[in-house]
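Report on the structure
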Amino acid sequence: MEGISEVAKSKQQLIIEEWNGSSSTKLFKTATIFASPSLSIHRSGSRFTHVWSRVLQAFVPEGFPGSVTPDYVPFQVWDSLQGLSTYIRTMLSTQALLSAIGVGEKSATVIGATFQWFLRDLTGMLGGVLFTFYQGSNLDSNAKMWRLVADLMNDLGMLMDLLSPLFPSAFAFVVCLGSLSRSFTGVASGATRAALTQHFALQNNAADISAKEGSQETMATMIGMALGMLLARITMGNPFAIWFSFLFLTMFHMYGKFYC
């Protein structure tokens, strides 16, 4: 909402202020116009500051920081760093999984790879339904504990994908176990996130906080995918480098859990 309001008017001087913002809680002055004796315009802040405030509106809730609790910023910082490490590891585990399925090998068949991928996804969907059935009503009681469980299960799922090429005879079992672990992650993380969002909301703005969380996660995903592809290319054909990178990022991910 952009508006121009007349602040003061006299016979000798006319002053007009330009304000910018989307609500009364987030208005900021962008310019002041003096019309006496000649027209002059004074900008409030640099153009970079104006552009930066516009960009920031896509990632922080309306009225930030007054519209959220004090622990919102450290939680989101560590949560984004955790997400970044997860997406980088996902690229490594996916590369190993595709290699185990047979991508790039002449002996591999399309129908065989399709069936294995379908079986993996089917196991994950059934696991999510069963987990919701048995634990859905308990997720509100201890949100932090279930978020920790979700992260541990997600790490286990990626570990199973990374291990899959080492056990070709038990490939289907290993990848289905990994998919099952990630299905628990999706249910537990999504359910507890709603409780945490309500905690952060100080002005009945849970929907806005959730939407901005989506923007932050999207940005972390794009950065993580780019870094993950770069790391996967660098470590390709070097098992030691792959496992060292994966274990280091996993340790960092769990370390961040103590701060969010």
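The chain is annotated in an unreviewed UniProt entry as Protein root UVB sensitive/RUS domain-containing protein of Citrus clementina. The Sequence similarities (unreviewed entry) field of the UniProt record for the chain holds the comment "Belongs to the RUS1 family." Taken verbatim from the UniProt record of the chain, the Subcellular location (unreviewed entry) comment is "Membrane".

We now examine the overall build of the chain. A tally of helices and strands in the chain yields 7 helices and 4 strands. Considering only residue pairs separated by 6 or more positions, the chain has 64% of its internal contacts joining residues 24 or more positions apart.

What follows concerns the packing of helix 2 (residues 72-101) against helix 7 (residues 239-256). Contact pair helix 2 / helix 7: the axes reach a minimum separation of 9 Å and the direction vectors enclose 160 degrees. Relative to helix 7, helix 2 is oriented roughly antiparallel. Between helix 2 and helix 7 the crossing geometry is left-handed. Seen from helix 2, the contacting residues are Trp 78, Leu 81, Gln 82, Ser 85, Thr 86, Ile 88, Arg 89 and Leu 92; seen from helix 7, they are Ile 242, Ser 245, Phe 246, Leu 249, Thr 250, Phe 252, His 253, Tyr 255 and Gly 256.

This brings us to the side chain of Asn 205. Relative to the helices and strands, Asn 205 resides in the loop between helix 5 (171-200) and helix 6 (206-235). By relative accessible area, Asn 205 is classed as buried at 9%. A polar contact is formed between the side chain of Asn 205 and the backbone oxygen of Ser 67, at a distance of 3.3 Å. What Asn 205 contacts, discounting residues up to four positions off in sequence, is Pro 61, Glu 62 and Ser 67.

For helix 6, which comprises 30 residues, the first-to-last C-alpha distance of 41 Å matches the rise-based estimate of 44 Å (1.5 Å per residue) to within 8%. Within helix 6 the residues assigned to the buried category are Ala 206, Ile 209, Lys 212, Glu 213, Gln 216, Ala 220, Gly 224, Gly 228, Leu 231, Ala 232 and Thr 235. Buried residues belonging to helix 6 abut helix 2, helix 5 and helix 7. Just downstream of helix 6 lies Gly 237, where phi reads positive at about 80 degrees.

To continue, consider a nonpolar patch on the surface. Side chains of Met 219, Met 222, Ile 223, Leu 227, Leu 230 and Ile 234 sit close together on the surface and give an oily, nonpolar patch of about 550 Å² of accessible area. One can find Leu 227 in helix 6.

Looking now at the pattern of salt bridges. For the structure shown, the criterion picks out 8 salt bridges. Notably, a salt bridge pairs Asp 155 with Arg 89, separated by 2.8 Å at the nearest N-O pair. Here Arg 89 lies in helix 2 and Asp 155 lies in helix 4 (residues 143-163), a separation of 66 residues in the sequence. There is no split in this pair, since Asp 155 and Arg 89 are both buried. Glu 213 is the salt-bridge partner of Arg 193, the closest N and O atoms lying 2.9 Å from each other. Here Arg 193, found in helix 5, pairs with Glu 213, found in helix 6; they are 20 residues apart in sequence, far enough to count as distant. The burial state of Arg 193 is the same as that of Glu 213; both residues are buried. Several salt bridges share partner residues, and in doing so they unite Asp 79, Arg 147, Arg 193 and Glu 213 into one network.

Within the largest apolar cluster, 10 residues are counted, these being Ile 88, Leu 92, Ala 96, Met 158, Leu 162, Leu 231, Ala 232, Ile 242, Phe 246 and Leu 249. When contributions to this core are tallied by element, the ones reaching two or more residues are helix 2, helix 4, helix 6 and helix 7. Ignoring any residue separated from it by four or fewer positions in sequence, one finds Leu 231 in contact with Ile 88, Leu 92, Ser 245 and Leu 249. Listed in part, the 8 residues of the second largest apolar core include Val 68, Leu 196, Ala 206 and Ile 209.

All chains considered together, the criterion is met by 9 aromatic pairs. Ring centres 6.2 Å apart and planes at 40 degrees place the aromatic pair Trp 78 and Phe 252 in the tilted group. Here Phe 252 lies in helix 7 and Trp 78 lies in helix 2, a separation of 174 residues in the sequence. Here Phe 252 falls in the partly exposed class, since its relative accessible area comes to 29%. Consider the rings of Phe 240 and Phe 244, whose centres lie 6.3 Å apart with planes at 20 degrees: the pair is stacked. One end of the pair is Phe 240 and the other is Phe 244, both in helix 7 and 4 residues apart, which spans about a single turn. A residue is classified by how much of its surface remains accessible, and Phe 244, at 52% relative accessible area, is exposed. Ring pairing ties together the aromatic residues Phe 64, Tyr 72, Phe 75 and Phe 200, which thus form one cluster. Directly above the ring of Phe 246 sits Arg 89, whose terminal nitrogen or CZ lies 5.9 Å from the centroid.

Calculation rules
Residues numbered from 1 in each chain as written. Predicted model: local features only at pLDDT ≥ 70, side-chain atom pairs only at ≥ 80, totals over all residues. Heavy atoms only, no water. UniProt positions renumbered as here; feature names shortened; annotations may be inferred. Helix = DSSP H or I, 4+ residues; strand = E, 2+ residues; numbered from the N terminus. Contact = heavy atoms within 4.5 Å. Axes fitted to C-alpha atoms, helices over the stretch in contact; angles between N-to-C directions. Parallel < 35°, antiparallel > 145°, perpendicular 65-115°, else oblique. Left-handed = near helix turned anticlockwise from the far one by under 90°. Buried < 20%, exposed > 50% of the residue type's maximum accessible area, 1.4 Å probe, protein only. Polar contact = N/O pair within 3.5 Å; in protein donor to acceptor, adjacent residues only side chain to side chain. Expected span 1.5 Å × (residues − 1). Patch = residues over 30% accessible without salt bridge, like charges linked within 9 Å, V, L, I, M, F, W, Y side chains within 5 Å. Areas by Shrake-Rupley, 256 points an atom, 1.4 Å probe, with all protein chains shown as cover. Salt bridge = Lys/Arg side-chain N within 4 Å of Asp/Glu carboxyl O. Core = buried A, V, L, I, M, F, W, Y, C linked by side-chain atoms within 4.5 Å. Phe/Tyr/Trp six-rings, centres within 6.5 Å; stacked < 30°, edge-to-face > 60°. Lys NZ or Arg CZ within 6 Å of the ring centre and 35° of its normal.

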